Amino acid sequence: MSFLANFFNKPAQPERYKLVASLNAYSGSVHALAISNDGHILAGGGTEGIKFWDVQSRKELTCSPHECRGTVSCAVWATTRQTAAETLCYGTGLGYIVFVRRSLIDKTFQEICARRLGSGFEITCLSWHSSADGNIRIAVGTRDKMVQVLVLNANLQLQSVFAVQLETTIPKSVAFTDSRDIYVFGLYDGNFMKLNEEGNVIKEINCQSVITHQKRGVFVVDNAIDGFTLYRLEGEGESVRTFTTAVPSMSVPKQVVFGEEGKVVIGGSDNGLVYVFDRKTGQIIQTLRHADVGLVQTITGRDLDGRCTIASASPGPGRRKTTIKMWAYDYAAQKVPESPLKNHWSLSSILMILTQLLALLVMSVFLLVNYKDRFFDTAVNHLQYVTSATAADDFSRHVKAAMMFEDYSGIKTEGRTKGHAAGDIRLLQELADKLMELARAGGEIDEDEHQEDYDNEGTKVNYLVAPEQQG
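What you see is a predicted model; the values in this text were computed from it and never measured.

Conventions and cut-offs
- Residues numbered from 1 in each chain as written.
- Predicted model: local features only at pLDDT ≥ 70, side-chain atom pairs only at ≥ 80, totals over all residues.
- Heavy atoms only, no water.
- Pairing = 2+ DSSP bridges.
- Helix = DSSP H or I, 4+ residues; strand = E, 2+ residues; numbered from the N terminus.
- Axes fitted to C-alpha atoms, helices over the stretch in contact; angles between N-to-C directions.
- Buried < 20%, exposed > 50% of the residue type's maximum accessible area, 1.4 Å probe, protein only.
- Polar contact = N/O pair within 3.5 Å; in protein donor to acceptor, adjacent residues only side chain to side chain.
- Contact = heavy atoms within 4.5 Å.
- Patch = residues over 30% accessible without salt bridge, like charges linked within 9 Å, V, L, I, M, F, W, Y side chains within 5 Å.
- Areas by Shrake-Rupley, 256 points an atom, 1.4 Å probe, with all protein chains shown as cover.
- Salt bridge = Lys/Arg side-chain N within 4 Å of Asp/Glu carboxyl O.
- Phe/Tyr/Trp six-rings, centres within 6.5 Å; stacked < 30°, edge-to-face > 60°.

J.: How would you sum up the sheet that holds strand 13 (residues 158–165)? Please name residues and give values.
T.: Pairing in this open sheet of four strands is antiparallel, and the strands run 10-11-12-13 from one edge to the other. Pairing within the sheet leaves two strands with one partner each, and these edge strands are strand 10 (123–130) and strand 13. Neighbour-to-neighbour, the strand axes of the sheet open up by a mean angle of 20°, direction not taken into account. Strand direction decides the pairing type here: strand 11 (residues 136–142) and strand 12 (residues 146–152), joined by seven bridges, are antiparallel. Residue pairing for strand 12: Ile 136 is matched across the bridge by Leu 152.

J.: So what's going on with unusual backbone geometry? Residues and values would help.
T.: The backbone of Lys 107 sits at a positive phi, close to 65°, despite the residue not being glycine. Looking at where Lys 107 falls in the secondary structure, it is placed in the loop between strand 8 (96–102) and strand 9 (109–116). Among the residues examined, Lys 107 registers a relative accessible area of 45% and is labelled partly exposed.

J.: Tell me about the side chain of Thr 108, and please be specific about residues and values.
T.: For Thr 108, the position within the fold is in the loop between strand 8 and strand 9. Here the side chain of Thr 108 touches Asp 106 through a polar contact of 2.9 Å, side chain to side chain. Apart from residues lying up to four places away in sequence, Thr 108 is in contact with Thr 62, Arg 101, Arg 102 and Ser 103.

J.: Describe a nonpolar patch on the surface, naming the residues involved and giving the relevant values.
T.: Residues Ile 350, Leu 351, Ile 353, Leu 354 and Leu 357 make up a contiguous nonpolar surface patch of roughly 440 Å² in combined accessible area. By the element assignment, Ile 353 lies in helix 2 (residues 347–370). Given a relative accessible area of 34%, Ile 353 falls into the partly exposed group.

J.: Please give an account of the packing of aromatic side chains that cites residues and values.
T.: Counted under the stated rule, the structure contains 12 aromatic pairs. Residues Phe 52 and Trp 77 carry aromatic rings whose centres are separated by 6.1 Å and whose planes lie at 65° to one another, so their mutual orientation is edge-to-face. With a gap of 25 residues between them, Phe 52 in strand 4 (residues 49–54) and Trp 77 in strand 6 (residues 72–78) connect regions that are remote in the sequence. Ring pairs connect the aromatic residues Tyr 183, Phe 185, Phe 192, Phe 219 and Tyr 231, which therefore count as one cluster.

J.: Describe in detail the pattern of salt bridges, supporting the description with residues and values.
T.: Pairing between side chains becomes possible if they bear opposite charge and their charged atoms approach one another. If you walk through the whole model with that rule in mind, you get eight salt bridges. Linking Arg 307 and Asp 330 is a salt bridge whose minimum nitrogen-to-oxygen distance equals 3.0 Å. Here Asp 330 lies in strand 28 (residues 321–330) and Arg 307 lies in strand 27 (residues 307–313), a separation of 23 residues in the sequence. Here the residues in one salt-bridge network are Glu 67, Arg 69 and Glu 111, joined through shared partners.

J.: Can you tell me about the pairing of strand 23 (residues 264–267), naming the residues and giving the values?
T.: Taking every second residue as pointing to the same face, both faces of strand 23 are buried, with Val 264 and Ile 266 on one and Val 265 and Gly 267 on the other. Direction of pairing for strand 22 (residues 256–259) relative to strand 23: antiparallel, over a ladder of four bridges. What sits directly across from Phe 258, in strand 23, is Val 265. From the end of strand 22 to the start of strand 23, which pair antiparallel, there are four residues, and Glu 260 there has a positive phi angle of about 55°. Pairing geometry for strand 23 and strand 24 (residues 273–278), over four bridges, is antiparallel. Considered in strand 24, the bridge of Ile 266 is made with Val 276. With antiparallel pairing between neighbouring strands as the criterion, strand 23 and strand 24 make up a hairpin whose turn holds five residues, including Gly 272 at a positive phi of roughly 85°.

And the structure:
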């Protein structure tokens, strides 16, 4: 029975994302996941601090002992032109911002910089941007409605660029624009605002957001009602599209990200599923089973070389092990380049044409082998018929010409000779008529009889012209 249920419940389209890893090495809740920019390392943080895994081998990587600075609340990878190693920046519930980098010597992760910001409120969000001088610019949002921009310089020291106090908005997500302005998305009030380089608010709208992710001029939020909602960054607060999920049983913010170069929207749930939506149509492409039940709150994704990798985690009760799952999909391998005329030859069409040509060749060989003699006999008979009819017709014309010559030539001959000539001509005429009848009836003239008649006719014809020479 279960086999039939599975058979009839198969999705209409083949599954795109395949489960590639299931990690159970973390005790407690996981609140932050981040995949490195080169796609090699997964960082996970929560109640037990920060941990690292090799994405390919699924093995946990060594991290040097460092002071516990509270529950990890958010994390982001950053790169600079000054060093080949990537830097992980994470925030904690006690207001610490920490930078960790992997040593090129012993390959362990080491803390390179840490600072407690402001009054020590929880760091709710982080974003990074590489400055023109190669330093790392970090935008930070905290629970006390503060937004700050910091710079990690070449000496691994933090420098403040600006800090601004928002009136009512608790920042849940921040992002740099191409012009180094900053987008800020509110946690509870749904406010979306844009800050310039000096920290001044230059735009503010309300989109009823809870948690968000932005990319390529749009941003998506968890609307805490029926799924996720897409907005334009330069819009006036009107929604573009809603990605509907099952109605949530609890009002808990869930992370949502873009994937496949912005073509899909990936979000968590409170029913154990990870949803993958088509961004343009809003349709569900696939649901990924993280757990049978429960909250899937932590989501991250990374696009690299045509491959989209998704990682998900849920807060685990007590000290129980938390499962981190990873899925991957090679979306670049599914792309089929189109010719300008959209008239390219596909593999299936080429195979079909080759199959038809092979079938035609087999049929031709079969007919040639089994009906060769019949084809040749028919061709020979037709040729004999045409040849016989043509010869008889020519012979008849010659005889008629001879008779006309006899009637109109006006040559005076002896009665006996003239009688013989007239009789012979009539005999030749009868023979020509007989040949014409045989030819038209398709009759076959025996080769020996034809040769004998030809000899006799030759003699008689010679007899017609011989008397003048015989004198």
